[in-house]
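For reference, the chains in residue letters:
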Amino acid sequence: MSFGPREANKYYGIDAWGHGYFGVNARGHLTVHPTRGTQRVDLFNLIPRLKRRKMRFPLLLRFPQILHSRVEELFGAFDSAIREFEYPGRYRGVFPIKVNQHASVVSQLVRAGKRFGMGLEAGSKAELAVALQHDLHDDALIVCNGYKDAEYVKLALRGLEMGRNVVLIIEKPHEVDLIRKVAKRAGVKPLLGARMRLVARSSGKWERSSGAQAKFGLTTQELIDVMEGLKRGNLLDGFCMLHFHIGSQITEIRRIKAAVREGARVYAKLRAEGCPLEYLDVGGGLGVDYDGSNTSYEASMNYTISEYANDVVYIVQEICDAENVPVPTLVSESGRALTAYHAVLISEIGGQNLQENGEELIVPADAHESVRELYEIWEGMTRKNHREFFHDAEARRDELLSHFDLGYLSLRDRAICERLMMMIGRQALHYAQDDRFRLEEFEALEKRMITKYIANFSVFQSLPDSWALDQLFPVVPIHRMNEEPTVPATLCDVTCDSFGEIDRFVDLRDVKESLKLHPLQNGEPYYVAVLLLGAYQDVLGDYHNLFGRVDEAQVFLNRNGGVRVSQVRLGDEAHDVLRLFDHDPETMIERIQSQADQRVDDGEITKAAAKRIVQEYRDALAGYTYLRF
Ligand SMILES: *Cc1c(COP(=O)(O)O)cnc(C)c1O
């Protein structure tokens, strides 16, 4: 059976999780479709250009047009729902900055969202500072979440003075007093919201953000106390928003519906009590289907953006009608869904473990008898006898290893034994593919035979949730997809940490424990992409082993199909990351200099050698933190 783009697309699941943004072209290259149109960016063909711009691997490509497309899809979905249900209110989404605080990402989203009245959500003073200087629509909201101090409150009030719709969300009852005092001193009337704690729980990995034990949110009693406090403080007329957030990546639509139902009911009751609420903010949680399975599995979601918008709009309207109160302006804080698709990491594979050294295996005449027997097993194995022969081989191998322990086996014989076992294992697995009943030991063997490809990147810097939360991200080679991938592999990163490995891969029915990739060809580079990294991964990196920020660039598709690469930003050099941790590169160089001088004085090395040592040390500090394969 021939293998081509269609088979590759299916095997890697590209259409399933790609949401129309990714594909495979006739040359077997991975393509990006930033506008979801027919024009595509061929990632493999882009590489020479990136190299001319001095970019190195690993590198991160951002597709700002994908951010625009996501904003349009989200706001479009709410617009359609509002029209369909004749909802007599509006939608005013905000982007939560913490999901990706890179200046270029926030700016692109702000630009894309301006015509829709999209606002920003801040969870800290610094994020609020970012939000305040952006050019938002006049009606756009700036929602301030998180714990607060006087400075945070003051900054928000200055925003109000500048005509921005800055809403301070009360997370804890004592914040009412703080806000009242600061507002009085500042002479500004605050806009306020309250974050409530719902009984409704999320589903998936981020379930902890919800329910009675959640870190944030007011209990019902606290909510009532806050309302009374606002009345006493003469602040009730600024109480404009009710907010909840039950967690990120909510996998089941019924959880969302339950939360919205509960939240809308609280909104209606507060309105009926005389709170002038104008906004209902349903928080984040809108998912991304990382594995494309469209299920309630933790890497997926069992609903679409349209269904999400429809349910929010429909439920809120239904409850407001029943309670006979005006509907609110709807707000959501979707971060993951807006940003995940836009960033792609490309890494070069530098080698593999379990590599055959390519030489033909010759068993010398003086090899140990059991080694020769092992070779005969390899020669004699057939489809019919593979189980039995494999067992014989294992027994022979055990024998040989105990000979080695006792000192009776040479290192060369041991090497031949290891290579033979690898060849026998591969062959046995090949035959076992067709077995009706797989033996358990073949399952175990299969796991042992998974090749580790060494990939030039750091899990801890570029996809920390893969390590911290076992989150799945799609991995795809960017070329050679016209060839059948035959090597079951995992990706080991270049950190010295055994957790620095991608060993779980997306699949429609399951989670794959290995991903089939192409055999490495001597001298030919092999590139793989890790996708859907635009939410959170970009900003949680932690410099493990002093691997730093990677080179990055923005890629645009022109109307005529041409591709524009802009805003190349080279990543950290060794001295940059060293400074982050208070090492002083100049002092380090000086120390090497004086050690080298001493060696010269002692007559151990020449002056020229000392000079070379210092220069090369200096060059190393000025180099990219990743490897050059
Ligand atoms: C993190 C966070 C969000 C973003 O959630 P997503 O699931 O990424 O959309 C929204 N609101 C609050 C309060 C958050 O803390």
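Residues numbered from 1 in each chain as written. Predicted model: local features only at pLDDT ≥ 70, side-chain atom pairs only at ≥ 80, totals over all residues. Heavy atoms only, no water.

S.K.: Can you lay out the overall build of the chain for me, pointing to particular residues and giving the numbers?
M.R.: Counting secondary structure elements, the chain contains 21 helices and 21 strands. With the principal axes as the frame, the chain shows a C-alpha extent of 95 × 75 × 55 Å. Residues classed as buried in the chain amount to 54% of the 629 residues present. Counting only contacts in the chain whose residues sit at least 6 apart along the sequence, the fraction spanning at least 24 positions is 75%. Counting 79 positive and 90 negative side-chain charges, the chain places the centres of these two groups 6 Å from one another. (Helix = DSSP H or I, 4+ residues; strand = E, 2+ residues; numbered from the N terminus. Buried < 20%, exposed > 50% of the residue type's maximum accessible area, 1.4 Å probe, protein only. Contact = heavy atoms within 4.5 Å. Lys, Arg positive; Asp, Glu negative; His and termini not counted. Charge placed at Lys NZ, Arg CZ, Asp CG, Glu CD.)

S.K.: Which residues make up the nonpolar core, and what values go with them?
M.R.: If you look at the biggest cluster of nonpolar residues, it comprises 162 residues, and the most contacted ones within it are F22, L43 and L61. Setting aside chain neighbours within four positions, we find F22 in contact with I14, D15, W17, T31, V32, H33, Y341, V344, L531 and L532. M381, I416, M421 and F442 belong to the second largest nonpolar core, which has 26 residues in total. (Core = buried A, V, L, I, M, F, W, Y, C linked by side-chain atoms within 4.5 Å.)

S.K.: Lay out helix 10 (residues 253-272) in plain terms, naming residues and giving numbers.
M.R.: Spanning 20 residues, helix 10 covers 28 Å between terminal C-alpha atoms, matching the ideal 28 Å at 1.5 Å per step. Along helix 10, the residues classified as buried are I253, I256, A259, V260, G263, A264, Y267, A268 and L270. With its buried residues spanning 165° around the axis, helix 10 presents them on a single face. For helix 10, the exposed residues lying more than 90 degrees away from the buried face are R254 and A272. Buried positions along helix 10 lie against helix 9 (220-232), strand 10 (239-243), strand 11 (279-281) and helix 11 (305-323). Note on helix 10: the residue one or two positions beyond its end, G274, has a positive phi of about 100°. (Expected span 1.5 Å × (residues − 1). Arc of directions from axis to C-beta.)

S.K.: Pulling in residues and values, what's your account of a negative patch on the surface?
M.R.: Residues D597, D601, D602 and E604 make up a contiguous surface patch of negative charge. The topology assignment puts E604 in the loop between helix 20 (585-601) and helix 21 (607-621). (Patch = residues over 30% accessible without salt bridge, like charges linked within 9 Å, V, L, I, M, F, W, Y side chains within 5 Å. Areas by Shrake-Rupley, 256 points an atom, 1.4 Å probe, with all protein chains shown as cover. Salt bridge = Lys/Arg side-chain N within 4 Å of Asp/Glu carboxyl O.)

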